[in-house]
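Remarks on the overall topology
Here is what each chain is made of, one letter per residue.
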Amino acid sequence: MKSSSVFYPLLGSLGVRYLIADKSTDSPESVYADAAKIFPFPHKAFALRPTGKELYWRSGLAVRIFEVIPKNSELTREELAGMLGQISG
């Protein structure tokens, strides 16, 4: 596993309400491929809504908090790529 972003496709399926993330993510294709090896697709689609400005841990690492909003559809590669862009933006 390259990073914790391999779990991002599962956020809608697991009932996660908030995601705290820094800007480092793997490429969308890498995340999708790594997740597919571990967790069978399809996964429930979701949207991310930023909850505010960047915060900083004591280490100085900047993070953002996103609300995870489940959708009534299956997650697509394009949706995942858009959300990874939003996180790393």
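Refer to the preceding data block for the structure.
Residues numbered from 1 in each chain as written. Predicted model: local features only at pLDDT ≥ 70, side-chain atom pairs only at ≥ 80, totals over all residues. Heavy atoms only, no water.

For the rest of this paragraph, the subject is the overall build of the protein. The number of helices and strands found in the protein is three helices and four strands. Taking 89 residues into account, the globule formula puts the C-alpha radius of gyration at 12 Å, and the protein, at 13 Å, falls close to it. Taking the principal axes of the C-alpha coordinates as reference, the protein spans close to 35 × 25 × 20 Å. Relative to its full complement of 89 residues, the protein shows a buried share of 30%. Of all intrachain contacts in the protein linking residues separated by at least 6 positions in sequence, the fraction that spans at least 24 positions is 69%. Per element, the accessible surface of the protein, about 5,400 Å² overall, is 55% carbon and sulfur. (Helix = DSSP H or I, 4+ residues; strand = E, 2+ residues; numbered from the N terminus. Rg over C-alpha atoms; globule rule 2.2 N^0.38 Å. Buried < 20%, exposed > 50% of the residue type's maximum accessible area, 1.4 Å probe, protein only. Contact = heavy atoms within 4.5 Å. Areas by Shrake-Rupley, 256 points an atom, 1.4 Å probe, with all protein chains shown as cover.)

With that settled, the discussion passes to the pairing of strand β4 (residues 62–74). With four bridges connecting them, strand β1 (residues 18–21) and β4 associate as antiparallel partners. What sits directly across from L19, in β4, is F66. With six bridges connecting them, strand β2 (residues 44–50) and β4 associate as antiparallel partners. Each bridged residue has a counterpart across the sheet, and for F46 the counterpart in β4 is P70. Sheet analysis places strand β3 (residues 55–56) next to β4, joined by two bridges and oriented antiparallel. When the sheet's bridge partners are listed, L55 is paired in β4 with V63. Adjacent in sequence and paired antiparallel, β3 and β4 are bridged by five residues, among which G60 carries a positive phi angle near 95°. (Pairing = 2+ DSSP bridges.)

This brings us to the side chain of H43. By secondary structure assignment, the location of H43 is in the loop between α2 (28–38) and β2. Relative accessible area serves as the criterion here: at 7%, H43 is assigned to the buried category. A polar contact of 3.4 Å, which involves the side chain of H43, links it to the backbone oxygen of P40. (Polar contact = N/O pair within 3.5 Å; in protein donor to acceptor, adjacent residues only side chain to side chain.)

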